[in-house]
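# Observations on the three-dimensional arrangement
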Amino acid sequence: MGSRLSERTAMDLILYYGREGLIHHVYDVAQNMLQQMGEHPVFRFWSGVSLAMQGSHTEAIREYSAAEIQGRREVQIAAILAHVHALKKQRQIDQGAIDELETKLMMEERSALPGAWLQIAAFQMILGDNLKARESAQKCVTDTPDEYINALALLGWINLTSNRSAFVEKSISNFDKAADPTQGGVEGHVDALLGKVAFLDLKKNYSTALHMLNELVASIPKGTEISNVIHIERAKILIKKSHNAMKRELWDQAHESTQRILSKDPTNVQALMITNLYLCVVEERSQSVSANGVRELYKALEATEPRTHQLYAYCSRTLTRLSMSPNLLAATQMLINRACELDPKNAEYISEKGYQLCLAGEWAKALDTYRQALHVDDGCIGALHGIIRTQLMLGKLDEAEQQLEFLNQMQISERPAELSYLVAVMKWRKHRDQDASIQALDEAVEIHYKSCSGVPSYEFYESFNPQLLLAIIREYLQHCPTEPVSATDPPSSVAAKARKPLELLCKHVRGSLEAQLLLARVDFIQNDLEKSQHRINACIVADPTFAEAHLLAGQIAFYQENYIQAQQALEQASSEFEVRDWPQYNLLKARVANAMMKYEDAMKPLEHALALTKQVPHTKKYRPLNIQDHVAIYLELAQVHLRLKNLSAAEATIQEALAHYRGTPEEGRVVIAQAMLHCRKDVERGLAMLRSVTTTSPYFLKAKAHMANIYLNVRNNKRAFAKCYEELVEAFPTVGSYMFLGEAYMSIQEPEKAIEAYEKARAMDPNDAEMASRIGRAFITTHDYAKAIQYYKNAVKTEPNKLALRHDLASLYWKLGSYEEAEKELKNSLQKKEKNASGGEKLQSIMDDVKTTLLLAKVYKSAGDHRKASESLVQAKVNQQSVLKKVLGEGHEMVQAQKQIGANICAELGDYYTRQKKADDAVKHYNEALRHDETYARPMLALAKLYRDKGDLDGCEHQANALLRVDPTNEEASMMLADLMFRKNKYDDATYHFQQLLEKKPGNYEALTLFIQLLRRAGRLLEAPRFFTAAEQHSRGRPDPGLAYAKGLYHRHTNDPREALKFFHKARTPKDNPWAEKAVCHMIEIYLNPDSGNQWDDVPEGEEQPQHMEQNIGWAKQLLADVHDRDKRRLLEGYVKIAKRKKEDLDAAIQIFTDIMTGGGDQQNNAEASTDNLNPASNWSADKINVPCIVGMATAYQLLKATPKARNQLKRVSKAQYDQDEAEDFERAWLLLSDIHIEGGKYDLAQDLLRKCLNANKSCCRAWELMGVIYEKEHSYRDAADCYENAWRLVSEKDPGIGYKLAFNHLKAKRYVSAIDITQKVLVAHPNYPKIRKDILDKARASLRP
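Residues numbered from 1 in each chain as written. Predicted model: local features only at pLDDT ≥ 70, side-chain atom pairs only at ≥ 80, totals over all residues. Heavy atoms only, no water.

Per the secondary structure count, the protein includes 71 helices and 0 strands. Sequence-distant contacts, at least 24 apart, represent 59% of the contacts inside the protein between residues at least 6 apart. Accessible surface, the protein: about 60,600 Å² in total, of which carbon and sulfur atoms supply 49%. (Helix = DSSP H or I, 4+ residues; strand = E, 2+ residues; numbered from the N terminus. Contact = heavy atoms within 4.5 Å. Areas by Shrake-Rupley, 256 points an atom, 1.4 Å probe, with all protein chains shown as cover.)

Shown next, in the form of structure tokens:
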């Protein structure tokens, strides 16, 4: 504990920790008191209680015996009682010893003192036996205060935690007396006051409870040198304060209180438990942070409660039910596994372990685990439920049904929600009984609502069980449409049923991305694509790896006909490989390909999807296939067969679907598809099939719609077309049917009949202003504008408060060019609005004003009165600000919608001021638009253009970056940023933007090639492979020379010449492709310098040119014939001659370089620069030095031992302006000159050049190597080793020469282990590398030996 405790304080802590389940803390307090006071029976007894509750019954019995022997009456009886309890918990029960102790207990109880009953009551309360504890406590509540325990406070806690409301009501009186000295209590007794707080919380009097807690916190002494006991007391109060905030759903306040505790005590288990609850419930992001939090909790439990299995299981159960990610689930499994280790015979723990294995998708293991739980306790209900669930998922439906029938008989009266859910799954999976399944789901939801009432806490979330609720919702969605409901689709009440528990789940667990996803799916089904898109975007921002969210985003994009975006979403979803085996993923992939007329590409995923539907999936991530999606796979496959002119295959597919779904509600859908197929060759037969869809089918309306289209578009029979909808009205005389009839008449240019149908619909629903607008638009269609205007006037006169009618009339005037009439009508609508409305009516009135003034601004703008247009916009802005103030307390979606309107108004004003050349006012309004909606692309792009035009490049960059964060597909912003970055020579930033571009267009190989160069210079070359993967997917496995060239470039720069040559060779085919010549140039360079070493290094005296180099030179000479550019070829010829290293060849090389530099117009007329800077002449002019040729000449001079000449040439380059188009040649020049300076002992000059080189190319391993050489020569071996370490990493640990230098300098720096490690790596790759074993390895090992 760190400070001395009184007996009373120690007992208060023991009882507090016992109530909170912190059993090992009880042991710590007891042991602390035994060390402080010597042998003491009371604390020896509580040490035993703690050991027993942690499962150490033998050790506990020894403690109880020691407490009994000491003979103190106030603890002796409790010790005997606990001794009996421990004996009964042992594996081998000694009944004789138990009988003897129980006899002794009966005798001792007759003469028990009040203090003894207190200890007994406390022991029974900690065990959870409140009834007996209350009986014992009542025997000892006297006016004489106990030495150890506040009897009134103890009785209060016993009453409060009982299940009887009468006892709970008495607890407040107990607590009041316990803190009142005049009634036998202790003034300011913290446990009693915390009891009052708990009572107030139970009564939901949170404000009074919070006031008491704040007073308690204020009463605690402050300062840096307060005792550990004070810290504990403060932590107890702050924990209760955190619980109070949590129950009021003020999660931020709860989190703040726990952070105050953790700042002093990072292993406080209670604070970590609440923190983890906060992270799981509130944080709307990827749950990696939550997983880390659970791991911290596990560490804290290991440190402070290492054997309290109850606490491990308690935390695991709740956090598992909030777990929405594999990482978090893995962390909670650590907790339950530890609980099972500590108490291996606990069936509930084993069952919970099985449940978590189910959530992880390990169904077979889960089944074995549940069976193990039943072996321990054959009445474990959780294990029985789990076995049924796993059998259902493993496709063992008959076995599962037998188990379910048995369980139903056992639990007829008190059926839990999970059992009803299992019944629903069985009814659907085996019997395809949709109605029975939905009924069971309704029952599950109803039972669940009743069983999980309460306020946020660990217990609440365990019973609320979001995992079960999500499973129920997903089962509901099995019976919903999977596509947005259209006018001819059957209505679905099931989506509304799914929405209700979803909204409850999102309310209580607002950080659940899966719940947000499912709510977005319901929005999608109900055809609210905008709301669905908003929710799904939030999910993806929170967790960019959320595959299912990307899949829904792809569906939304598909239905919005944005097929490129749908493809991108599919690619994002497929990054999780398991998703690729979802039928839903393959169906959407095929639909996108079909829509883009890539029919062959659509065929394979559909066949794969159909095959998957016939398998039993065993993975957690798998989502059961909705019946409508299953039908859609058949129908989509048939359509693709038709597109590929394979009519027989299409008919066979439809027949298979019909056989599969005959007698189900989906039969009508298949019949319609079959009818449309037959219409291709026998229209009458197709129509007969459509007539066979009866009025009882949910697809009757759709069948009529198809019949009507056939009559209109195939037979050109307008009368029969209208007749279909007339029959629909006869069968279903509803508002919707009359609207369809009216639209049908409109489509065949019979607006008079359409108006008649609309009038009948309006008569059935007279409050529908949209119907009146349809009638008006029907008149407009007849081009009888005078009659349309008169209708609108009459409608407005009849219903003057219908703003939509007034707006339609004003819009008609506006479109007809009657601007004055439009203005008059809109001003009248402003004057006639309700001035004195209150509450919601007044808010609606202001919102109507905004719509009216915006339309008025459009009228003024069309009339050319820009001043009045701007005034109207300003007025709309003022009104919208009032709206925003009034909707702050409304729902999030309404607030966002009104903010969007405000952003649009400000953007319109910004556009107006831009046209007026008032840049400052425009900037002001665009920024105001962004304050309303920081993701609004329109003002971002406008601001970027304004800043660019003003010359404010930083401002332009800021806005373009912001826009790309919001809309990564915005090409205009990407181009703008690329331009800015290249202007500023910001390669890292340019790299980022290329990365964004490649994620959108992975097949842009020119961008990919340049991107690799930029990654190399930024020192991030290892990031390139994932873009190759994306490019390969884009190319669909077809060989592409551009991709091969990019891969070759990557392997060359990562010091893998063999792979580089392989890919460059592929890039040469066909020879006329744009990458062929560039690939050949690289191949020549690799053959001439395979190790990317210093070409100016001479062959050591007495040695000959390696034989492989002679072969390489021969191959390089052969490849020169494929270089068609004259100057490129001549430059490479010069380097071929340098590679021979003979004097006559070196002289010839110098002559070649000289000829190139003094050449004529051929060099300057070559306007096309090589992407890889291999064409020196193309960028060379009279006022600019030719860097590639100078480097070649200097290399030749150096090999000729003419170092001064080489140095003089290279100095010209070092003084020249750096040009990124010749970056490689500048780098070679700086390296050669620095090497010359090193040989001359001019280390400072060499280091300056090497730093310049590394600034330009962070991946330049030779620069690091030469830096290491300098430090080595200066005997600074540690610095040298660091430099060689960088070089070693950049060559992917493949260059034995660098490895040797690194190991040698580690040896010199006395880093023997590192020296041995590097040496072994070199020897693994190069077993015969000379001298390294003797010079370094043996010496390093010898130095390590003592």
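So, about the packing of helix 1 (residues 7-19) against helix 3 (residues 41-53). Angle between the axes and distance between the axes: these two values describe a pair of packed helices. Close contact between helix 1 and helix 3 brings their axes to 12 Å; oriented N to C, the two are set at 15°. In terms of orientation, helix 1 and helix 3 fall into the roughly parallel class. Helix-helix and strand crossings are classified by hand; for helix 1 and helix 3 the assignment is left-handed. Of the residues in helix 3, those touching helix 1 at E7, A10, M11, I14 and L15 are V42, F43 and W46. Among the residues making up the contact of helix 1 with helix 3, the classes are represented as 7 nonpolar, no polar and 1 charged. (Axes fitted to C-alpha atoms, helices over the stretch in contact; angles between N-to-C directions. Parallel < 35°, antiparallel > 145°, perpendicular 65-115°, else oblique. Left-handed = near helix turned anticlockwise from the far one by under 90°. Nonpolar A, V, L, I, M, F, W, Y, C, P; charged D, E, K, R; others polar.)

Position of Q270 relative to the elements: it lies in helix 15 (residues 269-281). Of the residues examined, Q270 reaches a relative accessible area of 9% and is grouped as buried. Contact partners of Q270, with chain neighbours within four places excluded, come to Y16, E20, L22 and I239. (Buried < 20%, exposed > 50% of the residue type's maximum accessible area, 1.4 Å probe, protein only.)

Before going further, it helps to examine the environment of S463. Tracing the sequence through the fold places S463 in helix 25 (residues 458-464). Residue class for S463 comes out partly exposed when judged on its relative accessible area of 31%. Spatially, the C-alpha atom of S463 lies 9.1 Å from that of R321, the residues being 142 residues apart in sequence. With residues up to four places along the chain from it excluded, the contact list for S463 reads H448, S451 and C452. Reaching out from S463, the side chain makes a polar contact with the backbone oxygen of F460 at a distance of 2.9 Å. (Polar contact = N/O pair within 3.5 Å; in protein donor to acceptor, adjacent residues only side chain to side chain.)

Our focus in this paragraph is the packing of aromatic side chains. Here the structure, examined in full by the defined rule, presents 21 aromatic pairs. Ring geometry for Y314 and Y458: centres 5.5 Å apart, planes at 20°, overall stacked. Placement of Y314 in helix 17 (residues 309-321) and of Y458 in helix 25 is noted, with a sequence separation of 144 residues between them. Note on Y458: relative accessible area 5%, which makes it buried. Put simply, the rings of F45, W46, Y64 and F123 pair up and form one aromatic cluster. In this structure, R134 packs its charged tip against the face of F167, placed 3.6 Å from the ring centre. (Phe/Tyr/Trp six-rings, centres within 6.5 Å; stacked < 30°, edge-to-face > 60°. Lys NZ or Arg CZ within 6 Å of the ring centre and 35° of its normal.)

We now examine the nonpolar core. M11, F45, W46, Y64, L154 and Y461 are the most contacted members of the largest nonpolar core, which has 188 residues in total. In contact with L154, not counting residues within four places along its chain, are L15, L118, A121, A122, M125 and I149. In this structure, M847, C956, W1230 and I1318 belong to the second largest nonpolar core, which totals 148 residues. (Core = buried A, V, L, I, M, F, W, Y, C linked by side-chain atoms within 4.5 Å.)

With that settled, consider the confidence of the model for the protein. Per-residue pLDDT for the protein has a mean of 82; in total, 87% of the residues score no lower than 70. Mean pLDDT across the elements of the protein ranges from a minimum in helix 62 (residues 1161-1165), with 38, to a maximum in helix 19 (residues 347-359), with 94. Low pLDDT (under 50) marks residues 834-841, which in the prediction has 3 contacts with non-local residues, meaning those over four places away or in another chain. (pLDDT = per-residue confidence, 0-100.)

Moving on, we get to the pattern of salt bridges. All told, the structure shown has 54 salt bridges when counted by the stated rule. Ionic pairing is found between K497 and D442, a salt bridge with its closest N-O pair at 2.8 Å. Here K497, found in helix 27 (residues 494-508), pairs with D442, found in helix 24 (residues 434-451); they are 55 residues apart in sequence, far enough to count as distant. A salt bridge links R591 to E636; its shortest N-O distance comes to 3.5 Å. Remark: E636 occurs in helix 34 (residues 627-643) and R591 occurs in helix 32 (residues 583-595); sequence separation between them is 45 residues. Comparing R591 with E636 shows no difference in burial state: the two are buried. What you see here is one network of salt bridges that share partners, running through E483, R591, E636, E666 and R669. (Salt bridge = Lys/Arg side-chain N within 4 Å of Asp/Glu carboxyl O.)

This next bit is on helix 14 (residues 251-264). Over its 14 residues, helix 14 runs 21 Å from end to end, which matches the ideal 20 Å to within 8%, given 1.5 Å per residue. Against helix 13 (228-247), helix 15 and helix 25 lie the buried residues of helix 14. (Expected span 1.5 Å × (residues − 1).)

Another aspect to go through is the environment of L1302. Mapped onto the secondary structure, L1302 falls in helix 69 (residues 1296-1308). With a relative accessible area of 0%, L1302 lands in the buried category. Counting along the chain gives 25 residues from L1302 to Y1277, while the straight-line C-alpha distance between them is 9.5 Å. Discounting residues that sit within four places of it in the chain, L1302 has contacts with A1281, Y1284, E1285, W1288 and I1318.

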